[in-house]
Amino acid sequence: MSGTPELASLRAELDDIDRTLVELIARRLDTVTAVGKAKANSATPVRDVERERAVLEAVEAVARRHGVSGDLVRRVFREIIGHAVDRQSADLIATSAKTVTVGFPGAEHSYSHLAAAKHLAGRGEAAGFTGYGSYADVLAALETGECDLAVLPIEDTTAGSINQVYDLLRLREIAVVGEETWRMNHCLAAVGDVPLGALTHVLADPRGLEQCADFLRSLPAAITVHIADGGEAMRAVAERADASYAAIGSPEAADAHGLTVLRPGIADAEETFTRFVVLAATPIEVDARVPSKTSLVLTTRHEEGALLRCLEILAGSGHSLTKLESRPRPGRPFEYLFFVDFEGNVADPRTQLMLDELRSAALYIKVLGSYPAKVTRTEPQPGAVPQASAEALEAVVVAPVAAVASKKAKRLVDRETRGEDTLVRVGDVLVGGDGFVVMAGPCSVESADQIRATARAVKDAGAHLLRGGVFKPRTSPYAFQGLGWDGLALLAEAGREVGLPIVTEVMAVEQVQRMALSADLLQVGARNMQNFDLLRALGKVDRPVLLKRGLSSTIDEWLGAAEYILAAGNQQVILCERGIRTFESATRNTLDLSAVPVLHERTHLPVIIDPSHGTGNRRYVAPMSRAARAVGSHGLLIEVHPEPDTALSDADQSIDHAQFAALMAGLSR
Ligand SMILES: C=C(O[C@@H]1C=C(C(=O)O)C=C[C@H]1O)C(=O)O
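Residues numbered from 1 in each chain as written. Predicted model: local features only at pLDDT ≥ 70, side-chain atom pairs only at ≥ 80, totals over all residues. Heavy atoms only, no water.

**A closer look at the environment of Arg359**
- Residue position: Arg359 is located in helix α12 (residues 349–361).
- Looking at Arg359, the relative accessible area reads 41%, which means it is partly exposed.
- With 62 residues separating them along the chain, Arg359 and Val297 place their C-alpha atoms 11 Å apart.
- Ignoring any residue separated from it by four or fewer positions in sequence, one finds Arg359 in contact with Ile365 and Val367. (Helix = DSSP H or I, 4+ residues; strand = E, 2+ residues; numbered from the N terminus. Buried < 20%, exposed > 50% of the residue type's maximum accessible area, 1.4 Å probe, protein only. Contact = heavy atoms within 4.5 Å.)

Here's what the structure looks like:
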């Protein structure tokens, strides 16, 4: 080992800390097992989502007190809790004491191998692993009994479904007995620390190439070579021992072959997960207390609405659909069969009843198996202001919903077209209905420190979304114009760190697609409210839009602007009143709170209030926030800055962290 005695002693200290961490994880698992036994005695379900949420909040709070990244601690604990649930589930499923043999496609350290190892660790079983050349070879090994289990990738969150695996599931007599997920953390590795410009060849599997396409464009000199999987690519590069060759794969595979990681995290998408199915020769029985899913193949009758009828049987019996995949029906051109995953367990009599009904409604169904669920839907939470008292709630005037007679043609935005309130999901937050959502943050993102500090402060005070401008439409071309894409990266990082979705303004059609990749809510500023090209472009992306009211626009013109977005296909629009131009000069604009009850009558879309722009004066932000709540708006958009007087934009109307905390407390009084 190299280095000074000081380095050696610090590393010894780290070794000691790591040992203690692992011992604590082991102790936690023992307690988890005891909890599992207590649950078994009292017939309590294994998974408790509320408790998990509380555990994550608690550890994040501890992390914060110690100046540790809350995001890091949340991620680590999500893994630990996921493993805890697996362990408790495994204890309820009969497993054999012998070593299980597991087949996977590809070479050692391929992602399938890593996912298989993770799955078996979750089951707490000893296992031996064997790689095979193709998906079909893995299944052949399962059918001959050479393997007890097979693990195959079935879909990933960027490249989509793996059709070949779906087709094999349909053809073979095998059962789905589990699922697993793996977060793809592709890296680029080579035999030495070579500059990227010196690379002539990059070896990777086709999906890896697809997932790192943007990164590879930065290496125009290198030829890409298709290899079956990342583990094999790493092995081939190590064997060739040529510094101009690099491979894409997991850091685990790079390590195992003694390669140097030239670039970690090279996938284009921030987070790509692959889902794997675990297969066996025969189905398993899953205890009713384990959260389960069931997979089946379905062919519908040749009748109009046949698929809808099947889906209604599922939904009507309380079985949530988690995946629907269509594949061509062999020998029947342009006919389809469907793969359906739903939350439920064939051991449950209600599921049996539903399946009986489905059998008669469909032309053919084949149940592939029930198994412990790893991938479940995350339920969005309606925004709530902490501890709202009864009196505060009484003060909220809920505008009666009355249809307004209209002489014009019916529009999509109109209340007459849709009676129910539209609920817009932003990240895991629901905007609309009975919730009250607070979006807060600086007018402009100015630096990493500034946005991180404000993100933390607004989260602690109970905000639900983080705002921050990065492209700024300023009255003067000489004023600060925003940090652009770098600012967006800082905003996204700060939001991730504290667990808040982010909202920022999109100014131009060319920005829409790129911004939709990292912003959870795309804001159209007041000055752009009638930029119809921009509205049409926003109507074509699957991202919610926050549409601010134009400076001198009537409510009808504003709804006309929203109609552009809805008509182009995107129904996820939140309206934001931010003050209009009047003769009054005591405030920057006149905040038109009467727009809220008017909009409740005229549209089903949610409406929030921006009291910062609405008044232009920080002293009036808190009283107008309370008024916004009282008049029945669905939330607020508020400018918060660590030191408002130094803010590069909108200094007069920004409030500081303490004032924001006081405003939030005032809302719940
Ligand atoms: C340990 C428990 O079981 C599961 C695991 C949890 C954990 O690891 O903290 C939390 C909730 C449950 O989903 C429990 O219910 O407390």
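**Here's the deal with the sheet that holds strand β16 (residues 381–382)**
- With mixed pairing, three strands are arranged side by side in an open sheet as β16-β18-β17. The open sheet terminates on both sides in strands that have one partner only, identified here as β16 and β17 (424–426).
- Where β17 and strand β18 (residues 429–431) come together, three bridges link them in antiparallel fashion. In the strand pairing of β18, Val426 is matched with Val429. (Pairing = 2+ DSSP bridges.)

**Remarks on the packing of aromatic side chains**
- Inspection of every chain in the model, using the stated rule, returns three aromatic pairs.
- Here the aromatic rings of Phe471 and Trp485 are separated by 5.0 Å at their centres, their planes lie at 75°, and the arrangement is edge-to-face. Here Trp485 lies in helix α15 (residues 484–498) and Phe471 lies in the loop between β20 (465–467) and α15, a separation of 14 residues in the sequence.
- Assessed through its relative accessible area of 25%, Trp485 is described here as partly exposed.
- Ring geometry for Phe532 versus Tyr564: centroids 4.3 Å apart, planes at 25°, classification stacked. (Phe/Tyr/Trp six-rings, centres within 6.5 Å; stacked < 30°, edge-to-face > 60°.)

**Here we look at the nonpolar core**
- Core analysis: the biggest nonpolar cluster contains 63 residues, and Leu466, Leu547, Val573, Leu575 and Phe660 have the highest contact counts within it.
- The biggest single contributor to this core is helix α18 (residues 555–567), with seven residues.
- Setting aside residues no more than four positions away along its own chain, Leu466 makes contact with Ala440, Gly441, Ile451, Ala455, Val458, Leu491, Ala494, Gly495, Leu500, Pro501, Ile502 and Val503.
- In this structure, Tyr135, Ile174, Val176 and Val277 belong to the second largest nonpolar core, which totals 24 residues. (Core = buried A, V, L, I, M, F, W, Y, C linked by side-chain atoms within 4.5 Å.)

**A look at the confidence of the model for the protein chain**
- Mean pLDDT over the protein chain stands at 91; residues scoring 70 or higher make up 95%.
- Note on residues 395–406: pLDDT under 50 across the span, and 15 contacts to partners over four residues away in sequence or across chains. (pLDDT = per-residue confidence, 0-100.)

**Side note on the site of the ligand**
- What surrounds the ligand is a group of 13 residues, the closest being Arg28, Lys39, Asp48, Glu52 and Gln88.
- One nitrogen or oxygen atom from the side chain of Arg28 is found 2.8 Å from an oxygen atom belonging to the ligand.
- Burial of the ligand by the protein chains amounts to 92% of its free accessible area of 360 Å².
- Broken down by secondary-structure element, the contributors of at least two residues to the shell around the ligand are α1 (5–42), α2 (49–65) and α3 (70–91).
- At four residues, the largest contribution of residues to the shell around the ligand is made by α3.
- Here the residues of the shell around the ligand sort into six nonpolar, one polar and six charged. (Near = heavy atom within 4 Å. Polar contact = N/O pair within 3.5 Å; in protein donor to acceptor, adjacent residues only side chain to side chain. Areas by Shrake-Rupley, 256 points an atom, 1.4 Å probe, with all protein chains shown as cover. Nonpolar A, V, L, I, M, F, W, Y, C, P; charged D, E, K, R; others polar.)

**So, the sheet that holds strand β15 (residues 362–372)**
- Pairing is antiparallel in the open sheet, where four strands are placed in the order β13-β14-β12-β15. Each edge of the sheet is formed by a strand with only one pairing partner; in this case those strands are β13 (321–328) and β15. If you compare each strand with its neighbour and ignore which way they point, the axes differ by 15° on average.
- Across nine bridges, strand β12 (residues 292–300) lies against β15 in antiparallel orientation. Across the sheet, Ser292 pairs through a bridge with Pro372, a residue of β15.
- Across the sheet, helix α6 (residues 163–171) lies against β13, β14 (336–343) and β15, angled at about 90° from β13, the strand it touches most.
- Contacts from helix α11 (residues 306–316) reach β12, β13, β14 and β15, with the element oriented near 155° to β12. (Axes fitted to C-alpha atoms, helices over the stretch in contact; angles between N-to-C directions.)

**Describing helix α19 (residues 595–602)**
- Burial in α19 covers these residues: Ala595, Val596, Leu599 and His600. Looking straight down α19, one finds its buried side chains confined to an arc of 135°; they lie on one side.
- Elements in contact with the buried residues of α19: α18, β24 (573–577) and β25 (607–609). (Arc of directions from axis to C-beta.)

**What to know about empty space enclosed by the protein**
- This structure, assessed with the given rule, holds two cavities of 30 Å³ or more.
- There is about 60 Å³ of room inside the largest cavity.
- If you go around the largest cavity, the residues you meet are Ile154, Tyr166, Leu169, Val176, Arg275, Val277, Ser295, Phe339, Asp341, Leu368 and Tyr371.
- Breaking the lining of the largest cavity down by element, the ones donating at least two residues are α6, β11 (272–280), β14 and β15.
- Here the lining of the largest cavity is built from residues that sort into eight nonpolar, one polar and two charged.
- Viewed by domain, the lining of the largest cavity spans two of them, domain 2 (98–185 + 268–284) and domain 4 (285–378), each represented by three or more residues.
- Computed from the structure, the second largest cavity encloses a volume of approximately 30 Å³.
- Taken together, Leu296, Leu298, Leu307, Cys310, Leu311, Leu314, Val340 and Leu358 make up the full set of residues lining the second largest cavity.
- Contributions of two or more residues to the lining of the second largest cavity are made by β12 and α11.
- The leading source of residues in the lining of the second largest cavity is α11, at four residues. (1 Å grid on protein atoms, 1.4 Å probe; cavity = no way out; pocket = protein on both sides within 12 Å on 5 of 7 lines; lining within 4 Å. Points joined across faces, edges and corners; volume = space filled by probe spheres on them. Domains from an automatic or database assignment.)

**What to know about the pairing of strand β22 (residues 521–524)**
- Side-chain alternation along β22 places Leu521 and Gln523 on one buried face and Leu522 and Val524 on a second face that is also buried.
- Where strand β21 (residues 502–505) lies against β22, three bridges are found, and the strand directions are parallel. Bridging across to β22, Thr504 finds its partner in Leu522.
- Each parallel crossover has a hand, and for β21 linked through helix α16 (residues 512–518) to β22 it is right-handed. (Right-handed = clockwise from strand over helix to strand, strands pointing away.)

**With respect to a nonpolar patch on the surface**
- Together, Leu14, Ile17, Leu21 and Val22 give the surface a local cluster of nonpolar side chains, amounting to about 370 Å² of exposed area.
- As for its position among the elements, Leu14 is in helix α1.
- A relative accessible area of 47% places Leu14 in the partly exposed class. (Patch = residues over 30% accessible without salt bridge, like charges linked within 9 Å, V, L, I, M, F, W, Y side chains within 5 Å. Salt bridge = Lys/Arg side-chain N within 4 Å of Asp/Glu carboxyl O.)

**Points about the domain arrangement of the protein chain**
- Domain assignment breaks the protein chain into domain 1 (18–91), domain 2 (98–185 + 268–284), domain 3 (186–266), domain 4 (285–378) and domain 5 (419–668).
- In this structure, domain 2 and domain 3 have C-alpha centres spaced 24 Å apart.
- Considering only the surface of domain 2 that becomes buried against domain 3, His109, Asn185 and Asp268 emerge as the three largest contributors, covering 44% of it.
- There are one salt bridge connecting domain 2 and domain 3.
- One salt bridge connects Asp156 with Arg207, and the closest N-O pair in it is separated by 3.1 Å.
- Where domain 2 packs against domain 3, one counts twelve residue pairs in polar contact (both at pLDDT 80 or more). (Buried area = accessible area lost by both parts, 1.4 Å probe.)

**Observations concerning the packing of α3 against helix α4 (residues 111–123)**
- Two numbers describe how α3 lies on α4: the axes approach to 7 Å, and their chain directions differ by 60°. Accordingly, the angle class assigned to the pair α3 and α4 is oblique. Along its contact with α3, which presents Glu79, His83, Asp86, Arg87 and Ala90, the element α4 presents Lys118, Ala121, Gly122 and Arg123.
- Partitioning the contact of α3 with α4 into residue classes produces two nonpolar, two polar and five charged. (Parallel < 35°, antiparallel > 145°, perpendicular 65-115°, else oblique.)

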